[in-house]
Amino acid sequence: MAAHQSTEWRTVCEKFRLAQELSEIESRKDPENNPFRSKYKARDLLKEIHCSLVKIHIEEEEEGEDDNEADGGSMQIAEGEPGNECGKTCTGDSPAGLRAARLAVLQYYLGVNHIETEELSAGEQHLMNCMKLIDKCTTTRENVSLFIQARNQLGILWAGRDEIEKAQGFLEIAESMYLLYMKEDGQPPLDLQDYFVSEGEELSQQEKIRSRFEMAYTHTLYYLAQVYKNLEQYERAGQYCHSTLQRQLEYKQFVPLEWAINAATLSQYYITKTRYMEARHCLAAASVIATLAGEIPSEAAAKESDAECEKREELLQKRSEIARCWIKYCLNLMQDAKKLLEDNIGELDLDRQEELKRARQNEEEEKEKGRKSAILFGSSDTFDSICSLEEKISSMLPLDFEEARSIFLVGQSYVAQAKEYFAMDGHVTDHIEILQDHSALFKVLAFFEQDLERRCKMHKRRVDLLEPICKDLNAQYYLLICRQLQFELAESYYEMMDLKLAVADKQDQPDVHTIKKFNNLCSSSMKYYQMFLDSIRSPEGKFPEKLEDEVLRPALVAKFRVARLQSKLISNNLATQLENLNHSLESYSFIVQYCEENPEAKKAVETELELSNEMVSLLPLKINRIRSNMASCN
Amino acid sequence: RQQRRTSAASLQCIINSKQPKEAPKNFTFDYSYWSHSSEEDPSFASQRKVYQDIGEEMLLHAFEGYNVCIFAYGQTGAGKSYTMMGKQDPGQQGIIPQMCEDLFRQTAENTDPDLSFSVEVSYMEIYCERVRDLLNPKSRGALRVREHPIMGPYVEDLSKMAVTNYSDIADLMDTGNKARTVAATNMNETSSRSHAVFTILFTQRRHDNMTSLDTEKVSKISLVDLAGSERADSSGAKGMRLKEGANINKSLTTLGKVISALADMHGSKKRRSDFIPYRDSVLTWLLRENLGGNSRTAMIAALSPADINYEETLSTLRYADRAKQIKCNAVINEDPNARLVRELKEEVNRLKELLLSQGLSNLITASGKYTHTHSTSDAPMEGVAPTSPTTHISKEEAAERLKETEKIIAELNETWEEKLRKTESIRQDREALLAEMGVSVKEDGGTVGVFSPKRTPHLVNLNEDPLMSECLIYYIKDGVTRVGQEDVDIRLTGQFIKELHCVFCSEVNENNEGESDHTKVTHCITYRNATVMLPENTVGEHNPQCHLPLPAKTL
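The name given to chain B in an unreviewed UniProt entry is Kinesin-like protein, with Cyprinus carpio as the source organism. Turning to chain B, the UniProt annotation filed under Sequence similarities (unreviewed entry) states: "Belongs to the TRAFAC class myosin-kinesin ATPase superfamily. Kinesin family." Turning to chain B, the UniProt record has this under Subcellular location (unreviewed entry): "Cytoplasm, Cytoskeleton".

An unreviewed UniProt entry annotates chain A as KIF-binding protein of Cyprinus carpio. In UniProt, chain A has this text filed under Subcellular location (unreviewed entry): "Cytoplasm, Cytoskeleton".

Observations concerning the overall build of chain B
When its secondary structure is counted, chain B shows 10 helices and 24 strands. Relative to its full complement of 555 residues, chain B shows a buried share of 43%. If you take every contact in chain B between residues at least 6 apart in sequence, the share linking residues at least 24 apart comes to 58%. As displayed, chain B has an accessible area near 29800 Å², and 51% of this comes from carbon and sulfur atoms.

Concerning the overall build of chain A
The helix and strand inventory of chain A stands at 24 helices and 0 strands. Taking 2.2 N^0.38 as the reference for a compact globule, 634 residues should give roughly 26 Å; the C-alpha atoms of chain A span a radius of gyration of 35 Å, well beyond that estimate. Overall, the C-alpha framework of chain A stretches about 130 × 60 × 55 Å when taken along its three principal axes. Expressed as a percentage of the 634 residues in chain A, the buried residues total 54%. Looking at chain A alone, contacts between residues at least 24 apart form 71% of all its contacts between residues at least 6 apart. Carbon and sulfur atoms form 49% of the exposed surface of chain A, whose accessible area is close to 28500 Å². Charge-centre separation for chain A: the mean point of 78 positive side chains lies 7 Å from the mean point of 110 negative side chains.

Some remarks on the confidence of the model for chain A
Overall, the predicted model of chain A reaches an average pLDDT of 88, with 93% of residues at or above 70. Scored below 50 in pLDDT, residues 67–85 of chain A makes 15 contacts in the model with residues more than four places away or belonging to other chains.

Focus: the packing of aromatic side chains
Residues and elements named next belong to chain A. Summed over all chains, the structure comprises 30 aromatic pairs over all chains. Relative to Tyr 109, the ring of Phe 16 lies with its centre 5.5 Å away and its plane at 70 degrees, an arrangement referred to as edge-to-face. Placement of Phe 16 in helix α2 (residues 7–24) and of Tyr 109 in helix α5 (residues 95–116) is noted, with a sequence separation of 93 residues between them. Of the two residues, Phe 16 and Tyr 109, both sit in the buried class.

A look at helix α19 (residues 452–472) of chain A
Residue and element names in this part refer to chain A. Look at α19: 31 Å from first C-alpha to last across 21 residues, which is about the 30 Å you get at 1.5 Å a residue. Considering bend angle alone, the principal kink of α19 is centred on Leu 466 and spans about 30 degrees; proline Pro 468 follows within four residues of it. For α19, the full list of buried residues reads Leu 452, Arg 455, Cys 456, Met 458, His 459, Arg 462, Val 463, Leu 465, Leu 466, Glu 467, Ile 469 and Cys 470. Here the buried face of α19 lies against α17 (401–421), α18 (428–448), α20 (475–506) and α21 (512–535). Measuring from the backbone nitrogen of Glu 453 back to the side-chain oxygen at the start of α19 gives 3.0 Å, which picks out Asp 451 as the cap.

Thoughts on the nonpolar core
Counting residues in hydrophobic clusters, the biggest one holds 213 residues, and the most contacted among them are Tyr 108, Phe 196, Trp 326, Tyr 329, Leu 473 and Leu 547 of chain A. For this core, the leading source of residues is α20 of chain A, giving 15 residues. Ignoring any residue separated from it by four or fewer positions in sequence, one finds Tyr 329 of chain A in contact with Ile 271, Tyr 276, Ala 279, Arg 280, Leu 283, Ile 393, Ser 394 and Ser 395 of chain A. If you look at the next biggest cluster of nonpolar residues, it comprises 37 residues, including Ile 96, Tyr 123, Met 173 and Ala 196 of chain B.

Thresholds, definitions, all that
Residues numbered from 1 in each chain as written. Chains lettered and ligands numbered in written order. Predicted model: local features only at pLDDT ≥ 70, side-chain atom pairs only at ≥ 80, totals over all residues. Heavy atoms only, no water. UniProt positions renumbered as here; feature names shortened; annotations may be inferred. Helix = DSSP H or I, 4+ residues; strand = E, 2+ residues; numbered from the N terminus. Buried < 20%, exposed > 50% of the residue type's maximum accessible area, 1.4 Å probe, protein only. Contact = heavy atoms within 4.5 Å. Areas by Shrake-Rupley, 256 points an atom, 1.4 Å probe, with all protein chains shown as cover. Rg over C-alpha atoms; globule rule 2.2 N^0.38 Å. Lys, Arg positive; Asp, Glu negative; His and termini not counted. Charge placed at Lys NZ, Arg CZ, Asp CG, Glu CD. pLDDT = per-residue confidence, 0-100. Phe/Tyr/Trp six-rings, centres within 6.5 Å; stacked < 30°, edge-to-face > 60°. Expected span 1.5 Å × (residues − 1). Bend = angle between axes of the 7 residues up to and from the residue. Polar contact = N/O pair within 3.5 Å; in protein donor to acceptor, adjacent residues only side chain to side chain. Core = buried A, V, L, I, M, F, W, Y, C linked by side-chain atoms within 4.5 Å.

Here it is in structure tokens:
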């Protein structure tokens, strides 16, 4: 076309290039007191181009009408063509369509410019102008990219105004336009940068164009993810985040570590939704993609240079973080299975187990196949490694000890990996969180174990993990962690005590050794509950008259358990028995009295309070019996 | 143990004057101050007043040994620095100078010779996840945030300056502020995008004359100037701005935030079931230590009353509100009580039935109170629950039933104590039997094997099974002790035991120690150290076995 070679056109192209540069590069250096200096300059240029363009277009149209009817005719053809989209006045690839697209591109950039300089209404106006211009034309490779990007911008704009549904509308149209275009055409479209290129200048390379176009659509999906999140459609939001990740990988538009961490984080979303297959896929992909970030520099190399040191630190940290996501996967998988399998007192329900095993065979396989194809992270070079990593661990709820054990072992190996970076020295909180997870792994594994002695040993492992740390930790800085540990240790000992009791019950006679062991476990459990309760005291050692919300229930439950434990202690000495029962009564009375003085506490400990009330009225009976026994002995 | 304050400039409910239709938004706080007018205004809050309300109490906590922290947050120009630092002029000093002065005044007043104080300060800046030492000009690059199990969270290599009076502190603060400005200029960024943390480490050392030991009480006073809340997003710097709910992040670099927000949506209540790697680590750490730990924290939100700042003000208040709600995220994760509850319910029922069966003529109401009733008489009842089933039962029948119930209850009620009592009575029987056989048993009936009398001559059994060895002890009396199968003092049974196996003669020497002599009847017996050993090859590889009703190991 003649106009393209004109000086005027060349000036337009030059101005456009300059505007781009001002807006994208120069603007970063703008001073604080004039933050939009370059943006305003760019805006002026864009306006100038717009004027020149309108002029050129008029000339072009006249020229066209003069020497050829064809150009103008295309409009008529479009109008008259049967089956054409209604309201379209020309095809996108006609000269008229191209002219409209060029003006639309300018409107687009003017719109973005106004939005960036916080003139939202003006920005909106320009974007709407842009849309009007392209909406006259059919969608072709000339304008599809613009179509999507303009709608992306409008989506962001309306979301910022709290009109999420409106934003959703724009973005969803962009989404369907992309899908339609890819189905019907699929050619790399014209890039926004390439509308203003004078003869002789190189157009962007096909590959780049494709990549930018795909990127625009990836953004559409990402914006939709946010819109759905804000609309509280979390399911869809998750799905769109997943697609965003999928596309980043597919078009190689990602930073490996960042992508890996995002995928690992997404797995945690799936875990909360109990969608373990998706969670596993995300984690496997995270682990594999993280390796693309390169080798971890050796310790020696790290000492040599700061950059290497930082890289080492970062890689180790992210790897350990992904490992921690894996731990949560293993833990939740087992815990969810436990929830399904346990009876009302937390024991394995064998009938339920049978039932679930039978049900699983029928359903799961079918379901997995269907779901799997929809969520795969496809990238030819990594796909195999992702799959082989997935095969190392099941994504189905374990239904017996063997299955639980294999998940436990994987979890445990990730515990070791996570601890590599999150060592106690330097990362106290993180390190302990990992140990707590390790302990939780043992705890849930114990549920699946039918042998009481072995189950007891698993709880012993929990104690062994946590007890040394609990002793070493400074409560001035880690009060809450200390409390958690104390509580967990108390519960572990309690569990062991219960198990020892169950074992001993099977023997016809309790031997002295067992009794001693049993009493020790009771005492240890009480000791840690007491430590927890003491942690609530003021520096002067006073127990608060009113417990804070976050310790209210734990404190009363601790008291309740202590009360129980005190009455469980075994002794053949009547005086000791009497003493223990009196202590127990005191603890039950404490709960009753506290709830009388603070009626709002009742709700937090309903069952415990009811039982405490009963015990307060009934225990004296037992105590009196012992008393009379003692009297008769003397 | 936590306490947070929001002191907001006179706004309890804010109304958008430009859009009067919008519903007023409400926020709660402990104090609210107006300082945009002058002293003449009756509602004007002076620097002194603010310090008295917030600073004094904080200082008191520091003396008690708590960590204390004051956060300031808000738009630049809204009075954040004025509240925290103030101006040099009299009456214009902010919380920090007043608190420091007060601190040194109180330590100077101390007359106790055994009590000494020391004060150290550090000053750091957090910018883009990097921590920088503002007091040490030689410190380059980012410092690492670490945690020590005993010493708590700390910044590696952060310099700590010892100070002895307030002017030292003022100088250091000034130095630090200069360093901060210089750095900000170099980076072509405003300091309002970085957080600054000024820490005073206050140590109280008490010498105990009795034990000549020193005890230390260390408290940390952190004064945190959070990054300005204003326009931080246009350039991508984050600050602490909380965006309006519906906003869309443009850049894919924020994908992680969106995903973690999704993952976070569920794990709020109980203990975290998931792990979310994405976080503003340094700031999280800061918040964790001060909002989640063992410390007292005050939060000051500085607001501008101008309507043009409506959005910023709202955002500041929302942030403050959210900070107030940050509770310790470390929840106690307790085991379900189901089993314990069931157990206790059983016990309660047992005890209740016990009460009934004891013929106490009482019914227990659910609340545990006793109501008087007759249970075994036909006499008309007064104030009895109408459902009482026991009305028309004859006395004999009743007695019978009672007996039955008691038996059942007794079985039900067999707790460990009773089992133990049973064990005890069996033990006594066993002991009696053993005594009859000449085997001695320790007082408590405990494992005899461990117990080995030093001074009295005795025999012990040996067995191939080490567990069975030395389980039995046979004392040798003063004088003659006869060992054998029949008509003896120590009765042994076994294939190789003769009717009269051997005889021991024990004589008491002058040290009152028993010494035993022996008379060999059929076999050779060696002895050493008053413990007579039956050598393996004597009784034909077999050891003396005792004929007991119970296996030895259950002792």
